[in-house]
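Below are the chains, spelled out letter by letter.
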Amino acid sequence: QEEHEGATTDLFELGKWDMPGIQSNILSIAVSEQFVYIITKTGDVVRWSIGNSESLTQSYSLPTSKSQPSSAPEHLTKIFCDRKGNHAIIKHGGRMYYFNGGSLSIKELPSLKGIEVYAVAFDEKNTNPKETGEILISDYENKIYCYHIELQGGKPTDGICELIQL
């Protein structure tokens, strides 16, 4: 059960979700207290505000490059989000993206280019919707990176704080 502005929502009691065109195309899902993030085979991202079925009709597109289309093998697509849903990191086709819970657009994270992200851990004590605080990111080579994202003027600034060698 999740609590939202005094109301309690139990995800398992919401019944069937009507998601025409989405259900058969889902690649990855991440669930938070406020949102369910869904990425589809076409590279569209749906951010469903829990309890608001109208938000299922709005999808957001990943920024694409002419040199690299947005289609990606299924195993290379994943969404990671913090507990509240303020911050989502999307891995798709070798690129990394950031989707802020209060934003209407998805931004690419160039500082993560070349890192094969395996897992992401957000600081659950962080409640600031405009910055992630420190994030731990691990890759397939067992390296752990300390990372952060901050919104400045609606655009994310990001960077790797340090590489933690094990």
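Now for a look at the structure at hand.

Rules behind the numbers
- Residues numbered from 1 in each chain as written.
- Predicted model: local features only at pLDDT ≥ 70, side-chain atom pairs only at ≥ 80, totals over all residues.
- Heavy atoms only, no water.
- Helix = DSSP H or I, 4+ residues; strand = E, 2+ residues; numbered from the N terminus.
- Buried < 20%, exposed > 50% of the residue type's maximum accessible area, 1.4 Å probe, protein only.
- Polar contact = N/O pair within 3.5 Å; in protein donor to acceptor, adjacent residues only side chain to side chain.
- Salt bridge = Lys/Arg side-chain N within 4 Å of Asp/Glu carboxyl O.

Turning our attention to the side chain of glutamate 33. Looking at the element boundaries, glutamate 33 is found in the loop between strand E3 (26–31) and strand E4 (35–40). Taking relative accessible area as the criterion, glutamate 33 reaches 13% and is therefore assigned buried. Within the structure, the side chain of glutamate 33 is placed 2.7 Å from the side chain of arginine 83, a separation counted as a polar contact. Looking at glutamate 33, its side chain comes within polar contact range of the side chain of lysine 84, at 3.1 Å.

Once that is clear, we can look at the pattern of salt bridges. This structure, assessed with the given rule, holds four salt bridges. Here arginine 95 ties to glutamate 108 by a salt bridge, and the two come within 3.1 Å at their closest N and O atoms. Of the two residues, arginine 95 sits in strand E9 (residues 95–100) while glutamate 108 sits in strand E10 (residues 107–108), which places them 13 residues apart along the sequence. Assessed through its relative accessible area of 15%, arginine 95 is described here as buried. Given the relative accessible area of 32%, glutamate 108 is considered partly exposed.

Note that every value here comes from positions in space, so none of it alone points to a role or purpose.
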